[in-house]
Amino acid sequence: QVLLVESGGGSVQAGGSLRLSCAVSGATTSRACVAWFREAPGKEREGVATAYIRGGITYYADSVKGRATISQDSAKNTVSLQMNSLKPEDTAIYYCAAATGLFISCPVGSNGYRYWGQGTQVTVSS
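Note that the structure is predicted; figures quoted are calculated from it, not measured.

Caption draft 1: View of the pattern of salt bridges. According to the stated counting rule, one finds 5 salt bridges in the structure shown. In this structure, E46 and R38 form a salt bridge, with 2.9 Å as the shortest nitrogen-oxygen distance. Given the relative accessible area of 29%, E46 is considered partly exposed. Residue class for R38 comes out buried when judged on its relative accessible area of 6%. Notably, a salt bridge pairs R38 with D90, separated by 2.8 Å at the nearest N-O pair. Linking R38 in strand β4 (residues 32–39) with D90 in the loop between β8 (78–83) and β9 (92–100), this pair joins segments that are 52 residues apart in sequence. Bridged by salt links that share partners, the residues R38, E46, R67 and D90 form one connected network.

And the structure:
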C-alpha cells in the first residue's frame, strides 16, 4: 500500500514562506503523478500543483502560479511544495496525493488520485 505523510504546515504572516513536505512509501515518486491540494472552510478541494516527475511536467493553479514550486527529493522519496509570498486566502488544509500507473500527464482533479495524506494545516495571517 502507498502511504503519504505531510509535514511542514504552520502559521505564518502574510508575505512569508512555508515548505511543505510529503514522505511517500510504497511507491517511487519518480514513477508516479504527485500533487498538492488544499481545502479551505466553505470551499471545494482545489488542486494547487501537480508533477509528473518522469516526464518533467508540472502544473500550477492560477492562484499560486509564480509563488509555488513542486519538487522531488529522489534520495528521500519525498515531494515538497515551496510556497512564497503567502496570502491569507492561502489558509487551508493542504493534502498531498499520488497516482500510480502509466501517464502522459497528471490529472488535475482530486478524483484522479487514489492515495492521500492526512493533511497539514497552513494558516496565513494578515
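Caption draft 2: Region of interest: the packing of aromatic side chains. On inspection of all chains with the given rule, the structure shows 4 aromatic pairs. Geometrically, the ring pair formed by F37 and Y113 is edge-to-face, given 5.6 Å between the ring centres and 70 degrees between the ring planes. In this pair, F37 is assigned in strand β4 and Y113 in the loop between β9 and β10 (115–116), connecting sequence segments 76 residues apart. Given the relative accessible area of 1%, F37 is considered buried.

Caption draft 3: Looking closely at the state of the cysteines. Counted according to the given criterion, the structure contains 2 disulfides. C22 shares a disulfide with C96; S-S distance 2.1 Å. Between C22 and C96, the S-S torsion sits near 60 degrees, and that sign places the bridge as right-handed. Residue C22 is located in strand β3 (residues 18–25), and its partner C96 is located in strand β9; the two are separated by 74 residues in the primary sequence. Taking the relative accessible area as the measure of exposure, C22 reaches 2% and is therefore buried. We classify C96 as buried; its relative accessible area is 2%. A disulfide bridge connects C33 with C106, and the sulfur atoms are separated by 2.1 Å. Every disulfide takes its handedness from the sign of the S-S torsion; for C33 and C106 that torsion is -100 degrees, giving left-handed. Separated by 73 residues along the polypeptide, C33 in strand β4 and C106 in the loop between β9 and β10 bring together distant segments of the chain.

Caption draft 4: Structural detail: the sheet that holds β3. The 4 strands are arranged β1-β3-β8-β7 in an open sheet whose pairing can be described as antiparallel. Every other strand in the sheet has two partners, leaving β1 (3–7) and β7 (68–73) as the edge strands with one partner each. For this sheet, the mean inter-axis angle between neighbouring strands, taken without regard to orientation, is 20 degrees. Of the pairings in the sheet, the one linking β3 to β8 comprises 6 bridges and is antiparallel in character. Counted as the bridge partner of L18 is M83 from β8.

Procedures and definitions
Residues numbered from 1 in each chain as written. Predicted model: local features only at pLDDT ≥ 70, side-chain atom pairs only at ≥ 80, totals over all residues. Heavy atoms only, no water. Salt bridge = Lys/Arg side-chain N within 4 Å of Asp/Glu carboxyl O. Buried < 20%, exposed > 50% of the residue type's maximum accessible area, 1.4 Å probe, protein only. Helix = DSSP H or I, 4+ residues; strand = E, 2+ residues; numbered from the N terminus. Phe/Tyr/Trp six-rings, centres within 6.5 Å; stacked < 30°, edge-to-face > 60°. Disulfide = S-S within 2.5 Å. Pairing = 2+ DSSP bridges. Axes fitted to C-alpha atoms, helices over the stretch in contact; angles between N-to-C directions.

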